[in-house]
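What follows is the residue order along each chain.
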Amino acid sequence: MSIRENIEKTINNAEKLNGELNSFLSIEREYALNRASEVENLSDDASLKGFAIAIKDNICTKDMQTTCGSHILHNYKAHYDATAVRRLKDAGAIIVGKANMDEFAMGSSNESSAFGNVKNPWDLERVPGGSSGGSAVAVASGVVRASLGSETGGSVRQPASLCGITGLKPTYGRISRFGLVAFASSLDNIGIFGQTSEDVAKVLGVIAGRDRNDSTSADVAVPDYLATISDDIKGKRIGVPRALFGEGLETDVREAVENSIENYRKLGAEIVDVELPHAKYGIAVYYIIATAEASSNLARFDGVRYGFRAEGSHELREMYRKTREEGFGAEVKRRIMLGTYVLSSGYYDAYYSKAQKVRALVKRDYQTAFEQCDAILTPTSPSVAFKIGEKSDDPLAMYLSDIYTVSANLVGVPGISVPCGLSGEGLPIGLQLVGNFWSEATLLNLGNVYEKEFPLGAKPKVFAD
Ligand code: GLN
């Protein structure tokens with residue numbers, strides 16, 4: 001099949017399935033087909049020549065919409081590409097569309113999108129996870145092999161787990177954030193979904209590395225992730241924090257993850273016990289720091305510089321107020337209020353400053369644990385995909401979905417979710433491996449070997465031709 005034929009098939013699938021799944025907010029037929037013809041002429045060294053990819057709608061793409069799943073940016077088009085997007089294009093990848101998401105990446109179910117739920121292709125009554133639910137479903141439904149998402153607190157790993165695919169959050173600073181719309185800058189990362197760890201590795205190799213447009217992107221050499229992806233994992237030490245396998249964990253998830261530990265042992269890994277005594281504070285710390293930073297980052301959406309402006313105001317402050325009142329959804333407003341509260345003069349020390357101290361303790365736990373092991377294994381999410389509406393009226397229950405994922409963001413270390421089994425109802429379950437700084441190659445190696453030896457052996461109900 002030529003590149004153009006392949007892209008045409010991808011676009012047809014995206015359009016056909018979108019009615020049911022709502023994973024794309026825009027599908028770029030004309031752009032992608034034109035680009036396919038251009039890419040045919042690229043040298044075969046271009047490592048992603050003709051590779052179709054979907055991009056989360058909070059990552060800027062020149063001349064395409066970037067809505068962040070929000071009414072306030074419903075008509076916003078960036079005039080530049082995010083560095084990750086530019087690198088993908090230079091390597092010959094073809095963007096086929098922008099993926100649906102929770103509004104401003106705030107959520108764990110995709111229900112906070114201003115443009116409708118995304119549905120889980122394994123069961124259309126269930127959520128795909130969030131906030132990168134559209135990017136996850138674009139891959140899980142077989143439309144594309146890989147997509148970009150973003151992570152502030154688990155938003156790639158958790159939907160990967162709920163959709164039965166692989167999702168990587170790299171080390172903070174591994175991928176430039178230039179062009180990623182800021183939510184909580186000290187936690188934000190671009191992450192990658194793939195049908196396999198190999199596809200994730202391919203994309204990571206292209207987009208990782210220092211970028212002078214992002215001063216927090218690190219000047220650390222980018223290894224050849226594919227070169228070590230099939231290495232024997234014999235002797236690799238996997239740490240298991242047993243204390244985290246307690247309350248709130250669904251039985252099917254516990255069993256599947258326990259089983260995956262045994263499978264790793266069979267593959268030659270050494271299993272060691274580790275402790276993360278402060279991990280239990282992860283959710284509280286995360287929801288203070290993330291909301292504090294969000295309340296400041298989202299101040300820029302005022303109706304003047306970007307997107308939507310409310311009509312009928314008579315003076316400037318009223319225009320700001322009406323624009324933000326009409327433009328933001330309920331979850332975003334809740335976060336801005338929480339964040340403003342924890343930063344206010346009377347409460348700063350009790351909340352924000354305390355949270356920063358506990359963040360340092362969580363980091364210390366991980367540093368100690370990594371003296372004993374190469375990666376820490378836990379469930380990715382305490383439950384399988386839940387029903388649409390099941391948690392949408394209970395923010396705290398929703399926030400608890402992030403219990404296993406947020407610590408890696410607080411610390412800045414990489415994490416991967418790999419499919420490891422199916423629940424009694426046939427819904428996918430993911431295992432999470434968190435590694436030390438810059439250990440993406442190890443995580444991809446552990447992920448790839450697992451996928452090859454213990455494939456899921458099932459496909460979602462809704463799947464591309
Ligand atoms: N569930 C987290 C939140 O709502 C996920 C955020 C993210 O990683 N973008 O804040």
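Let me sum up the structure you'll find in this document.

Thresholds, definitions, all that
- Residues numbered from 1 in each chain as written.
- Predicted model: local features only at pLDDT ≥ 70, side-chain atom pairs only at ≥ 80, totals over all residues.
- Heavy atoms only, no water.
- Helix = DSSP H or I, 4+ residues; strand = E, 2+ residues; numbered from the N terminus.
- Rg over C-alpha atoms; globule rule 2.2 N^0.38 Å.
- Buried < 20%, exposed > 50% of the residue type's maximum accessible area, 1.4 Å probe, protein only.
- Contact = heavy atoms within 4.5 Å.
- Areas by Shrake-Rupley, 256 points an atom, 1.4 Å probe, with all protein chains shown as cover.
- Lys, Arg positive; Asp, Glu negative; His and termini not counted.
- Charge placed at Lys NZ, Arg CZ, Asp CG, Glu CD.
- Core = buried A, V, L, I, M, F, W, Y, C linked by side-chain atoms within 4.5 Å.
- Pairing = 2+ DSSP bridges.
- Axes fitted to C-alpha atoms, helices over the stretch in contact; angles between N-to-C directions.
- Salt bridge = Lys/Arg side-chain N within 4 Å of Asp/Glu carboxyl O.

Let us look at the overall build of the protein. Scanning the protein for helices and strands turns up 14 helices and 11 strands. Taking 2.2 N^0.38 as the reference for a compact globule, 465 residues should give roughly 23 Å; the C-alpha atoms of the protein span a radius of gyration of 21 Å, in line with that estimate. Overall, the C-alpha framework of the protein stretches about 70 × 60 × 45 Å when taken along its three principal axes. Here the protein holds 465 residues, and 60% of them are scored as buried. Across the protein, every contact between residues at least 6 apart in sequence was considered, and the portion connecting residues at least 24 apart equals 76%. With an accessible surface of roughly 17800 Å², the protein has 48% of that area assigned to carbon and sulfur atoms. When the 51 positive and 59 negative side-chain charges of the protein are each reduced to one mean point, those points stand 3 Å apart.

On to the nonpolar core, then. Counting 59 residues, the largest nonpolar core has Leu88, Leu148, Val203, Ile207, Tyr264 and Leu433 as the members making the most contacts within it. What tyrosine 264 contacts, discounting residues up to four positions off in sequence, is Ile233, Ile238, Ala269, Ile271, Leu377, Leu431, Leu433, Leu446, Gly447 and Tyr450. Tyr76, Leu276, Ala292 and Phe386 belong to the second largest nonpolar core, which has 56 residues in total.

An order of β1-β3-β2-β4-β6-β5-β10-β11-β9-β7-β8 is seen for the 11 strands of this open sheet, with the pairing classed as mixed. Each edge of the open sheet carries a strand with a single partner, namely β1 (24–27) and β8 (270–273). Adjacent strand axes in the sheet meet at a mean angle of 30° when their direction is disregarded. When strand β9 (residues 375–379) meets strand β11 (residues 428–435), the two strands line up antiparallel, connected through 5 bridges. Note on β11: the bridge partner recorded for proline 379 is leucine 431. Packed on one face of the sheet, helix α4 (residues 133–140) meets β1, β2 (52–56), β3 (94–99), β4 (146–151) and β6 (189–194) and runs near 155° to β4. This element, helix α6 (residues 197–207), spans β2, β4, β5 (166–169), β6 and β10 (415–422) of the sheet and lies at about 145° to β6.

On inspection of all chains with the given rule, the structure shows 21 salt bridges. A salt bridge links aspartate 374 to arginine 237, with the shortest nitrogen-to-oxygen separation between them at 4.0 Å. Of the two residues, aspartate 374 is situated in the loop between α11 (349–369) and β9 and arginine 237 in strand β7 (residues 237–240); the sequence distance between them amounts to 137 residues. Sharing partners across several salt bridges, the network here consists of Asp123, Arg126 and Glu425.

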